[in-house]
Amino acid sequence: DPTHLSESDPAAQALGYRADATKVDKAKFAKYQPGETCSNCQFYHGKAGDAFGGCPMFGAKDVAASGWCNAYAKRA
Ligand code: SF4
């Protein structure tokens, strides 16, 4: 789906985005902690239960609720 952020998108690669957070390159992105996903990141705009939602880091492209990138910040 072109509205979904691709892992091969240059912006996604720069931030180590993976649609499945458990597949994050943990050597390169050592701040990743198990359990962190877009759905519990403060930047995620998806509604609870949605598989994808907006993220200001990636403009018009939606990210996966189960995803992760290096800009992750835990929602308060
Ligand atoms: Fe997911 Fe947060 Fe990264 Fe956006 S900033 S892609 S919501 S982890």
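S.K.: Just give me the short version of the overall build of the protein chain, but keep the residues and values in it.
M.R.: Regarding its fold elements, the protein chain presents one helix and two strands. Starting at the N terminus, the α and β elements of the protein chain follow one another as α-β-β. Computed over the C-alpha atoms, the radius of gyration of the protein chain is 11 Å, within 12% of the 11 Å expected from 2.2 N^0.38 for a compact globule of 76 residues. In terms of overall dimensions, the protein chain has a C-alpha envelope of 30 × 30 × 15 Å along the principal axes. Restricting to contacts in the protein chain with at least 6 residues of sequence separation, those with at least 24 account for 58%. When the accessible surface of the protein chain is summed, it comes to about 4,400 Å², and 57% of that surface belongs to carbon and sulfur atoms.

S.K.: Would you mind going over the confidence of the model for the protein chain in detail, with residue names and values included?
M.R.: Interpretation of this model should avoid reading the predicted coordinates in detail wherever pLDDT is low. On average, residues of the protein chain score 96 in pLDDT, and 97% of them reach the 70 mark or higher. In the model of the protein chain, helix H1 (residues 10-14) stands out as the element of lowest mean pLDDT, 96, in contrast to strand S2 (residues 62-64), which has the highest, 98.

S.K.: Got a sec to walk through the environment of Asn40? Specific residues and values, please.
M.R.: With respect to the element layout, Asn40 can be found in the loop between H1 and strand S1 (52-54). Separated by 34 residues in the primary sequence, Asn40 and Lys74 place their C-alpha atoms 6.1 Å from one another. The residues contacting Asn40, other than those within four sequence positions of it, are Gly35, Tyr72, Ala73, Lys74 and Arg75. In this structure the side chain of Asn40 is engaged in a polar contact, spanning 2.9 Å, whose partner is the backbone oxygen of Gly35.

How each quantity is defined
- Residues numbered from 1 in each chain as written.
- Predicted model: local features only at pLDDT ≥ 70, side-chain atom pairs only at ≥ 80, totals over all residues.
- Heavy atoms only, no water.
- Helix = DSSP H or I, 4+ residues; strand = E, 2+ residues; numbered from the N terminus.
- Rg over C-alpha atoms; globule rule 2.2 N^0.38 Å.
- Contact = heavy atoms within 4.5 Å.
- Areas by Shrake-Rupley, 256 points an atom, 1.4 Å probe, with all protein chains shown as cover.
- pLDDT = per-residue confidence, 0-100.
- Polar contact = N/O pair within 3.5 Å; in protein donor to acceptor, adjacent residues only side chain to side chain.

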